[in-house]
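# Geometric and topological summary
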Amino acid sequence: VFLCPSKLDLEYFSKILPKNSYYLPIPINTEKLVWKERKKANVFVHTASHGGVAGRKGTSLLIKAMEYVKADIKLIIYSWSPIHTNDSRIEVKMQNFKNYWQCWQEGDVLVYPQDYNGVCLPVVEAMASGLGVITTDIFPFNEYMPNELMFKPYAFQNTHCHQGLIEVRAAKIDPKVIAEKIDEWAGKDITKFSEYGKQYGVDNSWLKLLPEYINLFESIL
């Protein structure tokens, strides 16, 4: 049995065991991820962790994009690795939060220029905490993310994930497109996206999904 936490996994594993592959999203811990309303897109945040600078979190792309951002915004980057920038609008915080839900106390909008992903906990956790999320228009994000906050890649290339098991189409992203999306929403009202994230957290919470997990386990045992 393959229990797939994302539709990207399901797309692959259903070809191997079509009758024994099931999709259930990872539940969001809404007891810890307390929702807070965000009204205007003034402070943007990004989590690089330890691999984002050169990895698929798009940290390097975002820093490059800031060269083209015209709006007078603030960007906070949380990182475990040193990041050097001369842009006074970017504040790099070398911080490894003890509790993951602390990541989403600051800021109004998470910027996450992903080239591919299946689950992406930072995105759903940020949404459930009330942040708007600017990210790439790719599967499966574009099945549940607000279209207005996504930017389109200019091309795709094949790559492998899950230790080389799954071949995926990784997006190639122009930093100028990221900058345009930031400028589009800088200073704008994002209340509806904050409310959307609240509802998304409720619909995908442990309270809502735990019975579905139990029912699935009981049905296949």
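Being a predicted model, the structure only gives us computed values, none of them experimental. (Residues numbered from 1 in each chain as written. Predicted model: local features only at pLDDT ≥ 70, side-chain atom pairs only at ≥ 80, totals over all residues. Heavy atoms only, no water.)

Overall, the coordinates contain 8 aromatic pairs when judged by the stated rule. Look at Y78 and F97: their rings are 5.0 Å apart centre to centre, the planes differ by 75 degrees, and that puts the pair in the edge-to-face class. Placement of Y78 in strand β4 (residues 74-79) and of F97 in the loop between β5 (90-94) and β6 (109-112) is noted, with a sequence separation of 19 residues between them. Given the relative accessible area of 4%, Y78 is considered buried. With centroids separated by 5.2 Å and ring planes inclined at 25 degrees, the aromatic side chains of Y144 and Y200 adopt a geometry described as stacked. Here Y200 lies in helix α5 (residues 191-203) and Y144 lies in the loop between β7 (132-136) and β8 (150-151), a separation of 56 residues in the sequence. You'll find Y144 and Y200 in the same group, each marked buried. In this arrangement the basic side chain of K198 is found over the ring face of W35, its NZ or CZ atom lying 4.5 Å from the centre. (Phe/Tyr/Trp six-rings, centres within 6.5 Å; stacked < 30°, edge-to-face > 60°. Helix = DSSP H or I, 4+ residues; strand = E, 2+ residues; numbered from the N terminus. Buried < 20%, exposed > 50% of the residue type's maximum accessible area, 1.4 Å probe, protein only. Lys NZ or Arg CZ within 6 Å of the ring centre and 35° of its normal.)

Considering every residue of the chain, the mean pLDDT works out to 89; 95% of them sit at 70 or more. Ranking the elements of the chain by mean pLDDT puts strand β10 (residues 166-172) last, at 78, and helix α4 (residues 175-185) first, at 98. (pLDDT = per-residue confidence, 0-100.)

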